[in-house]
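# Secondary and tertiary structure notes
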Amino acid sequence: MSVADPGPELIQLLTPEGERVDHPDYSLELTDGEYRDLYRDLVLVRRIDLEATALQRQGELGIWASLLGQEAAQIGSGRAMAPQDMAFPTYREHAVGYCKGVDPLKMLGLFRGVDQGSWDPRESNFHLYTIVIGAQCLHATGYAMGIQKDGKVGGDDGEAVIAYFGDGATSQGDVNEAFIWASVFEAPVVFFCQNNQYAISEPLERQTRVPLYRRAAGFGFPGVRVDGNDVLATLAVTRAALDRARQGEGPTLVEAYTYRMGAHTTSDDPTRYRIASEVEAWKLKDPIERVRSFLHKQQLVDEAFLAEVEAEADALAARLRAGCLAMPDPAPSAIFDHVYADGSPELDAQRESFARYLSRFEEAGTDAR
Amino acid sequence: MPAETLTLAKALNTGLRTALERDPKVLVMGEDVGKLGGVFRVTDGLQKDFGEDRVIDTPLGESAIIGTAIGLALRGYRPVCEIQFDGFVYPAYDQIVSQLAKMHYRSQGRLRMPIVVRIPFGGGIGAVEHHSESPEAYFAHTAGLKVVACSNPADAHWMIRQAIASDDPIVFLEPKRRYWEKAPVDPDAEPYPLFASRVLREGTDCTVVAYGPMVRTALDAATASANEGGRSLEVVDLRSLSPLDLGPVFASVRKTGRLVVVHEAPGNLGLGSEVAARVQEECFYSLESPVLRVGGFDTPYPPARLEEEYLPDLDRLLDAVDRTYAY
Ligand SMILES: Cc1ncc(C[n+]2csc(CCOP(=O)(O)OP(=O)(O)O)c2C)c(N)n1
């Protein structure tokens, strides 16, 4: 069996055809309304993503890292979190940010080049994006150690942490060190790996000879592989892992088995390293389609509801577009802001000297350059 | 082969190709360098022609790329490692600074480390954070490493070949925003020495020292200055950042009496500081003004929409030249 084959251990509660199936270890009871909410989430985050991709094509964003195909992995895990749980994302977890209540418009700033994350991680419990592969897994582990020291584990109201990373990241030293630390200290952290099968051009086989979830055993904590295109299974599995952490039972590795439907980022050309038929095969496992067919079969939705969700997505996209276009470029002096908590006289002098330099162009009525 | 007009990226590619052809011990390794040909296509087509054994898509891990390259070098190979972007070299910093740089010294010269660490560096491409950094001073500060920066296609082609042929570990900096600039490359020409600086444009009023991406800026500034009937600038491309070859800079400063050093990296303890110190030691009586440095500000690299303000440009360079006349 190739490592890229999901295998029988794949946890699934909703098949690609929209059939609800049972799993001995993971059950999930949702109300009709909760099913509809998940569908709505999935549709909205896909629309955020499509709109951002369009904005990049039109030159409004410098680059965009699309989550297309990974909506269920992100919504399932994002909705599994309690408000007090802390998430440490990579650069692709826009849907998790959405679940944590971060305005999607704010998530565009980094990609537009106006800031490096403008939301307050303390308010949203959604840390800033981390672009350096794997680094955030250690931050998540340390944060979880802090929760422990604060005595916030061991009850239902405990706190837990979730660290997001990709299949490529599992080769990085920081990620493996995070596994060790979390294990040794029994830190309340869930390692949530979205195995989307590629690290830019490199397929999973370049990173591992064993299914990723099995790595956890060697570090001394449980690992599970969930169908990352199944929002229900991802929700159930992540919730269980978070609860385990919250109760003081230590870390879990969740491998969400999924697929990156688009390019790595808008700068990438996937036709150079993967074949169209592979992408076509994964289209049949679309995370949203299966929920829609389930809802239809169960007669949980009518056309009016679906139209309402579409309209909401349209409105969200329009708001994003308008907000993005209206995002001002930062003032040149912003270069010098926030370098130090306590400031620096040297830097203040540089700021002033640069301001004087710029004002000479203004007096001369010309632009610099 | 006749001279061909190539982009800087393609000139590197043909240089790597020649090295792979001529020495079976040469390996190319890094993230996405094989099938994809690198995110900047510098290694395009090499895996197809030299096989997966010699052009290696590595697992994701910079420390491991350099650490295993050291092991391969111990077995007689000559690895050329690609770090995908400047900001991602730091996970490998320990392997580079503590292991790679010191192996020859510690082994009393028994162990050679013919490893090239290629790093696309510098800003100006509108990228997100960690993709626009100038880490050269960290490496130039490390004894045992050599550090070079190419600025144009012909140098790119030759310098990568020379770096691969060298038995010392070399951090090879590629000016990523100049990857698409074109110039003729003659693969049969007599190459300029690798560790030598070079006067690219002669002038009489002020010397401008630059390297990597700022060389084009310096040349443009010299042209603009001449066209405006202004000052005549002499431009020196440093090329080798460690060891420094300052003979041509001293000679130039003795002629012009003025010096401006420019780089994208922050000014504080940057290469410009070393050049300025040595020039005042050697050329004190020739100097008409203090040596001035133009660099990035002493801040983290800012979001892309601020990089035009952050990066030294023609105006800031010419402003510094003007200031050397204010003394
Ligand atoms: C330390 C480091 N090295 C290299 C890169 C360049 N890079 C960006 S994304 C990426 C691949 C990541 O793959 P994976 O972890 O599977 O996540 P995905 O992007 O597929 O979600 C690489 C090599 C980086 N960002 N950080």
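As the structure is a prediction and not an experimental result, all values here were calculated from the model.

Summed over the entire model, instances satisfying the criterion amount to 40 salt bridges over all chains. As a salt-bridge pair, Arg290 of chain A and Asp227 of chain A come within 2.9 Å of each other at their nearest N and O atoms. Here the residue Arg290 of chain A occupies a position in helix α11 (residues 287-297), and Asp227 of chain A occupies one in strand β6 (residues 223-227), the gap between them amounting to 63 residues. Classification of Asp227 of chain A by relative accessible area gives buried; the value is 5%. Ionic pairing is found between Arg78 of chain B and Asp167 of chain B, a salt bridge with its closest N-O pair at 2.8 Å. Note that Arg78 of chain B is positioned in strand β4 (residues 78-82) and Asp167 of chain B in the loop between α7 (153-165) and β7 (170-175), a separation of 89 residues in sequence. Residue classification places Arg78 of chain B among the buried residues on the basis of a relative accessible area of 14%. Look at Asp167 of chain B and you get partly exposed, because its relative accessible area is 29%.

Moving on, we get to the packing of helix α13 (residues 345-363) of chain A against helix α12 (residues 314-324) of chain B. One can describe the packing of α13 of chain A onto α12 of chain B by two numbers: an axis separation of 12 Å at closest approach and a directional angle of 100°. The pairing of α13 of chain A with α12 of chain B is recorded here as roughly perpendicular in orientation. Residue-level inspection shows Phe354, Tyr357, Arg360 and Phe361 of chain A of α13 of chain A in contact with α12 of chain B, the latter providing Asp315, Arg316 and Asp319 of chain B.

What follows concerns the sheet that holds strand β10 (residues 206-210) of chain B. Residues and elements named next belong to chain B. Spatially, β9-β11-β10-β13-β14 is the arrangement adopted by the five strands of the open sheet, whose pairing is mixed. The sheet is open, and its two edges are formed by β9 (198-201) and β14 (292-296), each paired on a single side. Across this sheet, the average inter-strand angle for adjacent strands is 25°, counted without regard to direction. With three bridges joining them, β10 and strand β13 (residues 259-266) adopt parallel strand pairing.

This part is about the environment of Ser98 of chain B. All names here are of chain B. Relative to the elements of secondary structure, Ser98 occurs in helix α4 (residues 93-100). In this structure Ser98 comes out as partly exposed when scored by relative accessible area, which is 27%. A sequence separation of 33 residues divides Ser98 from Ile65, and the C-alpha atoms of the two residues are 15 Å apart.

Tyr91, Arg92, Ile131 and Gly168 of chain A together with Glu62 of chain B are the nearest of the 20 residues found near the ligand. In this structure the ligand sits where residues from chains A and B come together. Interatomic distance of 3.0 Å between a backbone N/O atom of Ile133 of chain A and a nitrogen atom of the ligand. One of the backbone nitrogen or oxygen atoms of Tyr198 of chain A is found 2.9 Å away from an oxygen atom of the ligand.

Turning next to the pairing of strand β11 (residues 233-237) of chain B. All names here are of chain B. Of all five residues in β11, five are buried, a share of seventy percent or more. A two-sided burial pattern is seen for β11, the buried positions comprising Leu233, Val235 and Asp237 on one face and Glu234 and Val236 on the other. For β9 and β11, the ladder comprises three bridges, and the chain directions are antiparallel. Of the residues in β11, the one forming a bridge with Arg201 is Val235. Tracing the backbone out of β10, into helix α8 (residues 214-227) and back to the parallel element β11 gives a crossover that is right-handed.

Here the focus is the sheet that holds strand β7 (residues 252-257) of chain A. All names here are of chain A. With respect to topology, five strands assemble into an open sheet ordered β1-β2-β3-β7-β6, the strand pairing being parallel. Edge strands, defined here as strands with exactly one partner in the open sheet, are β1 (86-88) and β6. Across this sheet, the average inter-strand angle for adjacent strands is 20°, counted without regard to direction. Pairing between strand β2 (residues 161-166) and strand β3 (residues 189-195): six bridges, direction parallel. Note on β3: the bridge partner recorded for Gly166 is Gln194. Strands β1, β2 and β3 of the sheet are contacted by helix α6 (residues 135-149), whose axis makes an angle of about 170° with β2.

All names here are of chain B. When its domains are assigned, chain B resolves into domain 1 (4-185) and domain 2 (198-324). Computed over C-alpha atoms, the centres of domain 1 and domain 2 are 26 Å apart. Taken residue by residue, the interface counts 27 residues in domain 1 and 24 residues in domain 2. When domain 1 packs against domain 2, the two sides together hide about 1800 Å² of surface, and 52% of this comes from carbon and sulfur. At the junction of domain 1 and domain 2, the tally comes to three salt bridges. Here Asp155 ties to Arg239 by a salt bridge, and the two come within 2.9 Å at their closest N and O atoms. The tally of links between domain 1 and domain 2 comes to 14 residue pairs in polar contact (both at pLDDT 80 or more). Listed by contribution, the elements that provide at least two residues to the side of domain 1 that touches domain 2 are α6 (136-140), β6 (146-149), α7 and β7. No other element matches the four residues that β6 contributes to the side of domain 1 that touches domain 2. Of the residues contributing to the side of domain 1 that touches domain 2, the split by class is 13 nonpolar, eight polar and six charged.

Definitions and limits used
- Residues numbered from 1 in each chain as written.
- Chains lettered and ligands numbered in written order.
- Predicted model: local features only at pLDDT ≥ 70, side-chain atom pairs only at ≥ 80, totals over all residues.
- Heavy atoms only, no water.
- Salt bridge = Lys/Arg side-chain N within 4 Å of Asp/Glu carboxyl O.
- Helix = DSSP H or I, 4+ residues; strand = E, 2+ residues; numbered from the N terminus.
- Buried < 20%, exposed > 50% of the residue type's maximum accessible area, 1.4 Å probe, protein only.
- Axes fitted to C-alpha atoms, helices over the stretch in contact; angles between N-to-C directions.
- Parallel < 35°, antiparallel > 145°, perpendicular 65-115°, else oblique.
- Contact = heavy atoms within 4.5 Å.
- Pairing = 2+ DSSP bridges.
- Near = heavy atom within 4 Å.
- Polar contact = N/O pair within 3.5 Å; in protein donor to acceptor, adjacent residues only side chain to side chain.
- Right-handed = clockwise from strand over helix to strand, strands pointing away.
- Domains from an automatic or database assignment.
- Buried area = accessible area lost by both parts, 1.4 Å probe.
- Nonpolar A, V, L, I, M, F, W, Y, C, P; charged D, E, K, R; others polar.

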